[in-house]
Amino acid sequence: QVHLAEAGGGLVQAGGSLRLSCAVSGRTFSSYAMGWFRQAPGKEREFVAAITRNGGTYHADAVKGRFTISRDNAKNTLYLQMNSLKPEDTAVYYCAADYSWSLSITQHEYDYWGQGTQVTVSS
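A brief report on the enclosed structure follows. (Residues numbered from 1 in each chain as written. Predicted model: local features only at pLDDT ≥ 70, side-chain atom pairs only at ≥ 80, totals over all residues. Heavy atoms only, no water.)

A short note on the nonpolar core
Formed by 35 residues in total, the largest nonpolar core has its most connected members in Leu4, Met34, Trp36, Leu78, Leu80, Met82 and Tyr93. Listed by contribution, the elements that provide at least two residues to this core are strand E3 (18–25), strand E4 (33–39), strand E5 (46–51), strand E7 (67–72), strand E8 (77–82), strand E9 (91–98) and strand E11 (117–122). When sequence neighbours within four positions are dropped, the list of residues in contact with Tyr93 reads Glu6, Leu20, Phe37, Arg38, Val48, Phe67, Leu80, Met82, Gly116, Thr117 and Val119. (Core = buried A, V, L, I, M, F, W, Y, C linked by side-chain atoms within 4.5 Å. Buried < 20%, exposed > 50% of the residue type's maximum accessible area, 1.4 Å probe, protein only. Helix = DSSP H or I, 4+ residues; strand = E, 2+ residues; numbered from the N terminus. Contact = heavy atoms within 4.5 Å.)

Here we look at the sheet that holds E8
Taken in spatial order, the 4 strands of this open sheet run E1-E3-E8-E7, and their pairing is antiparallel. The open sheet has two edge strands with one neighbour each: strand E1 (3–7) and E7. For this sheet the average axis-to-axis angle between neighbouring strands, irrespective of direction, equals 15°. Bridge count for E1 against E3 is 5 bridges, and the pairing is antiparallel. (Pairing = 2+ DSSP bridges. Axes fitted to C-alpha atoms, helices over the stretch in contact; angles between N-to-C directions.)

Quick look at the state of the cysteines
This model, assessed by the stated rule, comprises 1 disulfide. Shown here is the disulfide that connects Cys22 with Cys95, its sulfur atoms set 2.1 Å apart. Here the S-S torsion is close to 60°, and the disulfide linking Cys22 with Cys95 is therefore right-handed. Here the residue Cys22 occupies a position in strand E3, and Cys95 occupies one in strand E9, the gap between them amounting to 73 residues. Residue classification places Cys95 among the buried positions, given a relative accessible area of 0%. (Disulfide = S-S within 2.5 Å.)

Structure, rendered in structure tokens:
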């Protein structure tokens, strides 16, 4: 079993920055590709970014150039650096783990999920 715990959400003004983290325990973190997803009120959960075991990354067009996913395998932690935040970035952000060599943008590919952390961007 793998346990994921997000942290770092909060309230920020438009144009500001936040750094989310996701602490992973229970299995070898480096064996998992990881992803960030988000769900805004009244909308379906959507892909934000993903990273392979070895650090290859992919970001959704909506966040490309503003958000950066990274991982520290020594600390069993996934990160999402969010800059130039916009009100439309307001959502609950979830981290997820996929026991795979490749990354995925599809939710059902992921095996484990965190509980989510709220990010609110005011205009």
